[in-house]
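Descriptive analysis of the structure
If you want the building blocks of each chain, they are given just below.
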Amino acid sequence: MRLIESLASVRPGSALAEAMEKRAEILRLSEAAHDAVLLPREPGGLSHGLRAALAARMARLNRSPALASHYDTLVARADDPTTALLADPGTNVTDRRIAEIVRHADRLTLAPREATRAHVDGLREVGVTDADIVRLSELAAFVNYQVRVIAGMTLIGGMR
């Protein structure tokens, strides 16, 4: 069973499972996107641990405990105590670069329409490269996509 189906508690043999099987390619591509944004071979300036912690944080901000738990597993696997704390939205960050990355990830999760060029410039000012700004945006877009798909599937799966 693919991650999205598992987290949405899709029952094998259900009408939703059958409908999803007709969309297997979309789900396969979602799995590939997961690996590309969370576990790329070349993570650039966003380590695997940082990516996982930000993803867990975004899932928590979206009130998606099952997805947060999945990302907590990746946080633990990364074994990076300095980034692991970021999975909790209540964590205070003192490092300027990481603080700006966290603020931007939170903004893209909670109020994406409020993100401006000035925010991107703020990331650049603390040393975040353009490539890493794109990577961060991809991560936020993907996790927020997952949250919405899982919520929709859970709702549909609960209908009788």
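Use the structure listed above.
Residues numbered from 1 in each chain as written. Predicted model: local features only at pLDDT ≥ 70, side-chain atom pairs only at ≥ 80, totals over all residues. Heavy atoms only, no water.

1. Section: the pattern of salt bridges
- Under the definition given, this model contains six salt bridges.
- The closest approach of N and O atoms between Glu-100 and Arg-103, which form a salt bridge, is 2.7 Å. In this pair, Glu-100 and Arg-103 both sit in helix α7 (residues 96-110), three residues apart, roughly one turn of the helix.
- You can call Arg-103 partly exposed: its relative accessible area is 44%.
- With its nearest N and O atoms 2.6 Å apart, the salt bridge here joins Arg-124 to Asp-130.
- With relative accessibility at 38%, the residue Arg-124 sits in the partly exposed group.
- Judged by relative accessible area, Asp-130 falls into the partly exposed class, the value being 44%. (Salt bridge = Lys/Arg side-chain N within 4 Å of Asp/Glu carboxyl O. Helix = DSSP H or I, 4+ residues; strand = E, 2+ residues; numbered from the N terminus. Buried < 20%, exposed > 50% of the residue type's maximum accessible area, 1.4 Å probe, protein only.)

2. Here's the deal with the side chain of Thr-83
- With respect to the helices and strands, Thr-83 occurs in helix α6 (residues 81-84).
- A relative accessible area of 9% places Thr-83 in the buried class.
- Those residues in contact with Thr-83 that sit more than four places away from it in its chain are Ser-47, Gly-49, Leu-50 and Ala-53. (Contact = heavy atoms within 4.5 Å.)

3. A short note on the packing of helix α4 (residues 48-61) against helix α5 (residues 65-78)
- Contact geometry for α4 and α5: axes closest at 8 Å, N-to-C directions at 160°. In terms of orientation, α4 lies roughly antiparallel with respect to α5. Here α4 and α5 pass one another in a crossing that is left-handed. Listed contacts from α5 to His-48, Gly-49, Ala-52, Ala-53, Ala-55, Ala-56, Ala-59 and Arg-60 of α4 are Leu-67, Ala-68, Tyr-71, Asp-72, Leu-74, Val-75 and Ala-78.
- Residue composition of the contact of α4 with α5, grouped by class: 11 nonpolar, two polar and two charged. (Axes fitted to C-alpha atoms, helices over the stretch in contact; angles between N-to-C directions. Parallel < 35°, antiparallel > 145°, perpendicular 65-115°, else oblique. Left-handed = near helix turned anticlockwise from the far one by under 90°. Nonpolar A, V, L, I, M, F, W, Y, C, P; charged D, E, K, R; others polar.)

4. Structural notes on α7
- Along its 15 residues, α7 runs 21 Å from first to last C-alpha, staying within 8% of the 21 Å computed at 1.5 Å per residue.
- Burial within α7 is extensive, with 11 of its 15 residues counted as buried.
- By the burial criterion, the buried members of α7 are Ile-98, Ala-99, Glu-100, Ile-101, Val-102, His-104, Ala-105, Asp-106, Arg-107, Leu-108 and Thr-109.
- Taking the backbone nitrogen of Arg-97 as reference, a side-chain oxygen 3.1 Å away marks Asp-95 as the first, capping residue of α7. (Expected span 1.5 Å × (residues − 1). Polar contact = N/O pair within 3.5 Å; in protein donor to acceptor, adjacent residues only side chain to side chain.)

5. Structural notes on unusual backbone geometry
- Backbone geometry places Arg-63, a non-glycine residue, at a positive phi of 55°.
- Within the fold, Arg-63 resides in the loop between α4 and α5.

6. Some points on the packing of aromatic side chains
- All chains considered together, the criterion is met by one aromatic pair.
- Each ring, one from Phe-142 and one from Tyr-145, has its centre 5.9 Å from the other, and the planes form 40°; the classification is tilted. Note that Phe-142 and Tyr-145 are positioned in helix α9 (residues 130-158) at a spacing of three residues, about one turn of the helix.
- The class for Phe-142 is buried, based on a relative accessible area of 7%. (Phe/Tyr/Trp six-rings, centres within 6.5 Å; stacked < 30°, edge-to-face > 60°.)

7. A few points about the packing of α7 against helix α8 (residues 117-125)
- The geometry of α7 relative to α8 is characterised by a closest axis approach of 9 Å and an angle of 155° between their N-to-C directions. Taken together, the axis directions place α7 and α8 in an arrangement best described as roughly antiparallel. Of the two elements, α7 crosses α8, and the hand of that crossing is left-handed. Listed contacts from α8 to Glu-100, Ile-101, His-104 and Arg-107 of α7 are His-119, Gly-122 and Leu-123.
- Looking at the contact of α7 with α8 residue by residue, the class counts come to two nonpolar, three polar and two charged.

Functional significance is not addressed by these values, which are geometric in nature.
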